[in-house]
Amino acid sequence: MSSVPVDATPSAAEELLAISEIQSLFARRLRVMDTKQWDRYAECHTDDVVSESYADVPDANRPQADGQGNKVVGAEALTKAISGLLDGDTKVTTVHHGHMPEIELTSPTTARGIWAMEDELWWQHGDVTEHMHGYGHYHEEYRKVEGRWRISYRKLTRLRVTKTPGFFGYLRGRL
């Protein structure tokens, strides 16, 4: 029985399969987040995932890690941070879309990608519906762990955000 060296160049079919698996992973993460399936969210990420996706959140409510705001480290910590923002005392309805992925395999077990994104978030504040609509890009890195692709790094950059004046009001006293 022969083994394939770690630095072996993947075939075109293996590259296409890896890219397809990464696209499915990305879509699953967005669906799991939007449907609030927090018991499945962590499994989309490596145990040591780093997320820098909270730049729009007011400073007092941004997650912090290693003394740095806008940073979460670890799959469980990320699940806790995102579920706390979207599914705490105030339920925030979300719709996330990822478009036009640029995925590059950097080795047989690592890859990086950039996705155009659009998200919309709503929550009810008495008779007022607060709303945010954002456009930008996810910059991600992926690692194959035990035969499955996982997200190991994510940074959200936004090009444009429109929101109602009270959109972040639901965060007062949280996190």
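Above: the structure in question.
Cut-off values and rules
Residues numbered from 1 in each chain as written. Predicted model: local features only at pLDDT ≥ 70, side-chain atom pairs only at ≥ 80, totals over all residues. Heavy atoms only, no water. Helix = DSSP H or I, 4+ residues; strand = E, 2+ residues; numbered from the N terminus. Buried < 20%, exposed > 50% of the residue type's maximum accessible area, 1.4 Å probe, protein only. Contact = heavy atoms within 4.5 Å. Areas by Shrake-Rupley, 256 points an atom, 1.4 Å probe, with all protein chains shown as cover. Core = buried A, V, L, I, M, F, W, Y, C linked by side-chain atoms within 4.5 Å. Pairing = 2+ DSSP bridges. Polar contact = N/O pair within 3.5 Å; in protein donor to acceptor, adjacent residues only side chain to side chain. Axes fitted to C-alpha atoms, helices over the stretch in contact; angles between N-to-C directions.

Caption draft 1: Inspection of the overall build of the chain at higher detail. Tallying secondary structure elements over the chain gives three helices and eight strands in all. Each helix and strand of the chain, placed in order from N terminus to C terminus, yields the pattern α-α-β-β-β-β-α-β-β-β-β. Within the chain, the fraction of its 175 residues that count as buried is 41%. Counting only contacts in the chain whose residues sit at least 6 apart along the sequence, the fraction spanning at least 24 positions is 61%. When the accessible surface of the chain is summed, it comes to about 9,700 Å², and 51% of that surface belongs to carbon and sulfur atoms.

Caption draft 2: Seen up close, the nonpolar core. L86, Y142 and W149 are the most contacted members of the largest nonpolar core, which has 37 residues in total. Secondary-structure elements contributing two or more residues to this core are α1 (12–34), α2 (38–41), α3 (75–86), β5 (93–107), β6 (110–125), β7 (128–145) and β8 (148–163). Sorting elements by how many residues they give to this core places α1 first, with seven residues. In this structure, L86 is in contact with M33, K36, W38, K91, V92, T94 and L121, ignoring residues within four places of it in sequence.

Caption draft 3: Looking closely at the pairing of strand β1 (residues 45–52). Among the eight residues that make up β1, six are buried, leaving the element largely enclosed by the rest of the structure. In terms of strand pairing, β1 meets β8 through four bridges, oriented parallel. From the neighbouring strand, H45 faces β8, where its bridge partner is I151. Two strands pair when backbone bridges link them, and β1 and strand β4 (residues 72–73) are joined in this way by two bridges, in the antiparallel orientation. For S51, the partnering residue across the bridge sits in β4 and is V72.

Caption draft 4: Structural detail: the side chain of H96. The topology assignment puts H96 in strand β5. A residue is classified by how much of its surface remains accessible, and H96, at 10% relative accessible area, is buried. Reaching out from H96, the side chain makes a polar contact with the side chain of D34 at a distance of 2.7 Å. Not counting residues within four places of it along the chain, the set of residues in contact with H96 comprises L30, M33, D34, E118, D119 and Y138.

Caption draft 5: View of the sheet that holds β4. Reading across from one edge, β4-β1-β8-β7-β6-β5 is the order of the six strands in this open sheet, with mixed pairing throughout. Either end of the sheet is taken by a strand with one partner, and the two such strands are β4 and β5. Contacts between α1 and the sheet are confined to β1, β5, β6, β7 and β8, with β5 contributing the most and set at about 160° to the helix. Sheet strands in contact with α3 are β1, β4, β5, β6 and β8, and its direction is about 50° off that of β1.

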